[in-house]
Amino acid sequence: MSSTVDLAPQELRTLVAVAEEGGFSAAAVRLGTGQSAVSHAVRGIERKLGVVLFERGRYGARPTAAGARAVAHGRRVLRMLDLLVRETRAAEPQDVAGPLRIAAFRSAALHLLPPVLERLTARHPAIEPTVTVVREVGPGTAGEVAEGRADLGIATFGTSTPIPPHLVGDVLLEEPYALVHPAGHPAPRTLPLVDWRENCSSYTRTWWAAQDWIPTATVRAEDDGAVLSMVGSGLGMAIMPALSLAEAPLGLEITDLGPDRPTRRIGYVTTPELATTTVVRALVRELRSHTKPQVSAV
């Protein structure tokens, strides 16, 4: 097999379509061609690469491990080709336009990104940002970037799932955790603990383990918003980061955990290639500007 393999953009689009649609027939509809043409194209790509990319079955096609890697690379290459055309055609080098795909966990999407995107689109009206809310569990937002589904992810640093080494980024802010409980409760630390899965991956668990007053969670919610609702209903107390508490509802009280309180580091991740593009650089500038007073060293 030759060490050099040439894949055309249309071949990459075919790979991505089959993976995302789950089969050759659906991919053919998406691409505006026939199923036989898609099957032929995939077989040709597999011959070029020397690996099987999809497991075929009566229920469709599923990427193999090699296929998943190929699809992720394909998405990123197609995105860079799109940006190549947009940035080359720009009237001025500083012109910023086109789609900008952002992945963010819930509290960042609700409380960090809106003012940033408001300033970004005021400065660059031709930018078209979209935000996908992703649970910060497992691959999380960094995984969306690595898979080519997002240009930039707002991610948590220092959790049990490290940022993939082939991505680049930086910490933007460090937010403290606090105790939240029903207002006026005489002994909030005696209440049951309400928690949610995303919170469990935090490196602050080492701090939690040293606190003998924190019980094992007896109530688990789907997300931090549900936690706040449950605490407000008197079901317990919770230990939550500042972004999750940005708009705590009435009836809740937030208590500082003291000078040794845990913190959570939040930053951005992208690929080395996308980091050089005008649209991602514009977003990073606005993120840094918005969080500058709170920036901590990486």
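Residues numbered from 1 in each chain as written. Predicted model: local features only at pLDDT ≥ 70, side-chain atom pairs only at ≥ 80, totals over all residues. Heavy atoms only, no water.

A closer look at the pairing of strand β4 (residues 127–133)
Working step 1: Sheet topology places strand β3 (residues 98–104) next to β4; seven bridges connect them, and they run parallel. Bridged to Leu 100 within β4 is Pro 129.
Working step 2: At this point the chain moves from β3, through helix α5 (residues 106–123), to the parallel β4, and the crossover so formed is right-handed. (Pairing = 2+ DSSP bridges. Helix = DSSP H or I, 4+ residues; strand = E, 2+ residues; numbered from the N terminus. Right-handed = clockwise from strand over helix to strand, strands pointing away.)

Concerning the packing of aromatic side chains
When we look at a pair of aromatic rings, we describe it by the centre distance and by the angle of the planes.
Working step 1: If you walk through the whole model with that rule in mind, you get one aromatic pair.
Working step 2: Aromatic pair Phe 24 and Phe 54: ring centres 6.5 Å apart, planes at 85°, arrangement edge-to-face. Placement of the pair is Phe 24 in helix α2 (residues 24–31) and Phe 54 in strand β1 (residues 54–57), with a sequence separation of 30 residues.
Working step 3: Overall, Phe 24 belongs to the buried group, its relative accessible area being 11%.
Working step 4: Its guanidinium or amino end placed over the ring of Trp 213, Arg 189 lies 4.1 Å from that ring's centre, counting from NZ or CZ. (Phe/Tyr/Trp six-rings, centres within 6.5 Å; stacked < 30°, edge-to-face > 60°. Buried < 20%, exposed > 50% of the residue type's maximum accessible area, 1.4 Å probe, protein only. Lys NZ or Arg CZ within 6 Å of the ring centre and 35° of its normal.)

Some details on the nonpolar core
Working step 1: Ranked by size, the top nonpolar core spans 28 residues in total, and within it Leu 100, Ile 102, Leu 152, Ile 154, Leu 283 and Leu 287 carry the most contacts.
Working step 2: Taken together, the elements giving at least two residues each to this core come down to β3, α5, β5 (152–157), β6 (168–182), β11 (263–270) and α9 (278–291).
Working step 3: Of the residues forming this core, the biggest block, seven residues, is contributed by α5.
Working step 4: Among all residues touching Leu 287, those that are not within four sequence positions of it are Leu 113, Val 116, Leu 152, Ile 154, Leu 172 and Tyr 268.
Working step 5: One finds Leu 12, Leu 15, Val 16 and Ala 27 within the second-largest nonpolar core, a separate group that totals 17 residues. (Core = buried A, V, L, I, M, F, W, Y, C linked by side-chain atoms within 4.5 Å. Contact = heavy atoms within 4.5 Å.)

Description of the packing of helix α1 (residues 9–21) against α2
Working step 1: Where α1 contacts α2, the two axes come as close as 8 Å, and the packing angle between them is 125°. On the basis of their axis angle, the class for α1 and α2 is oblique. Taken as a pair, α1 and α2 cross one another with a handedness that is right-handed. Residues Gln 10, Arg 13, Thr 14, Val 16, Ala 17, Val 18, Glu 20 and Glu 21 of α1 lie in contact with α2, whose contacting residues are Phe 24, Ala 26, Ala 27, Arg 30 and Leu 31.
Working step 2: Counted by class, the contact of α1 with α2 contains seven nonpolar, two polar and four charged residues. (Axes fitted to C-alpha atoms, helices over the stretch in contact; angles between N-to-C directions. Parallel < 35°, antiparallel > 145°, perpendicular 65-115°, else oblique. Left-handed = near helix turned anticlockwise from the far one by under 90°. Nonpolar A, V, L, I, M, F, W, Y, C, P; charged D, E, K, R; others polar.)

Quick look at the environment of Ala 68
Working step 1: Residue position: Ala 68 is located in helix α4 (residues 65–89).
Working step 2: What makes Ala 68 partly exposed here is its relative accessible area of 33%.
Working step 3: Remark: the alpha-carbon pair of Ala 68 and Gly 184, spanning 116 residues in sequence, is separated by 52 Å.
Working step 4: Residues contacting Ala 68, with those up to four places away along its chain left out, are Pro 63 and Glu 147.

Here's the deal with the pairing of strand β9 (residues 238–241)
Working step 1: Of the two faces of β9, the one lined by Ala 238 and Met 240 and the one lined by Ile 239 and Pro 241 are each fully buried.
Working step 2: Two strands pair when backbone bridges link them, and β6 and β9 are joined in this way by four bridges, in the antiparallel orientation. When the bridges of β9 are listed, Val 180 appears paired with Ala 238.

Some thoughts on α5
Working step 1: Between its first and last C-alpha atoms α5 spans 25 Å; for 18 residues at 1.5 Å apiece the expected length is 26 Å, and the two agree.
Working step 2: Of all the bends in α5, the greatest, near 50°, is centred on Leu 113, and the proline Pro 114 appears no more than four residues after it. (Expected span 1.5 Å × (residues − 1). Bend = angle between axes of the 7 residues up to and from the residue.)

Some remarks on the pattern of salt bridges
Working step 1: Here the structure, examined in full by the defined rule, presents 20 salt bridges.
Working step 2: Its salt-bridge partner being Lys 48, residue Glu 11 comes within 3.0 Å of it at the nearest N-O pair. In this pair, Glu 11 is assigned in helix α1 and Lys 48 in helix α3 (residues 35–49), connecting sequence segments 37 residues apart.
Working step 3: Between Arg 86 and Asp 82 there is a salt bridge; the shortest N-O distance is 3.2 Å. Within this pair, Arg 86 and its partner Asp 82 are both found in helix α4, separated by four residues, close to a single helical turn.
Working step 4: Residue classification places Arg 86 among the partly exposed residues on the basis of a relative accessible area of 37%.
Working step 5: Take Asp 82: its relative accessible area is 28%, and that puts it in the partly exposed class.
Working step 6: A cluster of three or more residues bridged by salt bridges with shared partners is formed by Glu 20, Glu 21, Arg 30, Arg 75 and Glu 147. (Salt bridge = Lys/Arg side-chain N within 4 Å of Asp/Glu carboxyl O.)

Take it as geometry only, folks, not as evidence of what the structure does.
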